[in-house]
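Coordinate analysis (summary)
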Amino acid sequence: MLFEDVYKEFLFDLEIKNYSIRTIKGYRNNNRAFLNYLCNEFSVAEVEEINTSHIKAYLMNLKMKGLSESYINGIQKNIRSFFNFIVEEGYIAEKRNPVLGLKWMKEPKVLIKTFNDDEVKRLINAYKGDLYVCFLRSVYLPYFNSYLLLREYLR
């Protein structure tokens, strides 16, 4: 089966499932770029010709362009949905699904720099006597205390 025909059917299926316009646009753009890559780099036109190494090559190409791991994982999610649709429609067998051999890219942990105890004290004492600060202290101080306790617990 030609990739282009299955691609159009996939987009039509998304519309039938009542996906939002923005979601459909994302699937359309990401899968179109993937299909273009396959045609240009590997001269692939049939669904049955795709294997895991083609998809890995595409994902590595995105990585070489400097895209983040989380962004590439989002694109991979779209590609997975496309191939799962292909399997559901019976164009390829489940065991021939090329996305089964894919692993997600490891995303770096985001460490949030928090206030230390001294910085929190300076924030609290910065505007002593100001009515607005008194209000903030009464409303937000319990949250700061909870935050500090949680931070200590997680250490």
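The notes below deal with the structure included here. This structure is a prediction, so every number in the text was calculated from the model and none was measured. (Residues numbered from 1 in each chain as written. Predicted model: local features only at pLDDT ≥ 70, side-chain atom pairs only at ≥ 80, totals over all residues. Heavy atoms only, no water.)

1. Focus on the overall build of the chain
Along its length, the chain carries 6 helices and 0 strands. Each helix (α) and strand (β) of the chain, taken in turn from the N terminus, gives the series α-α-α-α-α-α. Going through the 155 residues of the chain one by one, you find that 28% of them count as buried. Restricting to contacts in the chain with at least 6 residues of sequence separation, those with at least 24 account for 65%. Taken as a whole, the chain presents about 10900 Å² of accessible surface, with 57% of it coming from carbon and sulfur. (Helix = DSSP H or I, 4+ residues; strand = E, 2+ residues; numbered from the N terminus. Buried < 20%, exposed > 50% of the residue type's maximum accessible area, 1.4 Å probe, protein only. Contact = heavy atoms within 4.5 Å. Areas by Shrake-Rupley, 256 points an atom, 1.4 Å probe, with all protein chains shown as cover.)

2. Comments concerning the nonpolar core
General note: in soluble globular proteins, nonpolar side chains tend to be found buried as a group. Membership of the largest hydrophobic core comes to 30 residues, with the highest contact counts inside it found for Phe 3, Ile 55, Phe 82 and Phe 83. Sorting the residues of this core by element identifies helix 1 (3-16), helix 2 (21-42), helix 3 (52-64) and helix 4 (69-88) as the ones contributing at least two each. For Ile 55, the contacting residues outside a window of four places in its chain are Phe 34, Ile 50, Ile 79, Phe 83, Pro 98, Val 99 and Leu 102. (Core = buried A, V, L, I, M, F, W, Y, C linked by side-chain atoms within 4.5 Å.)

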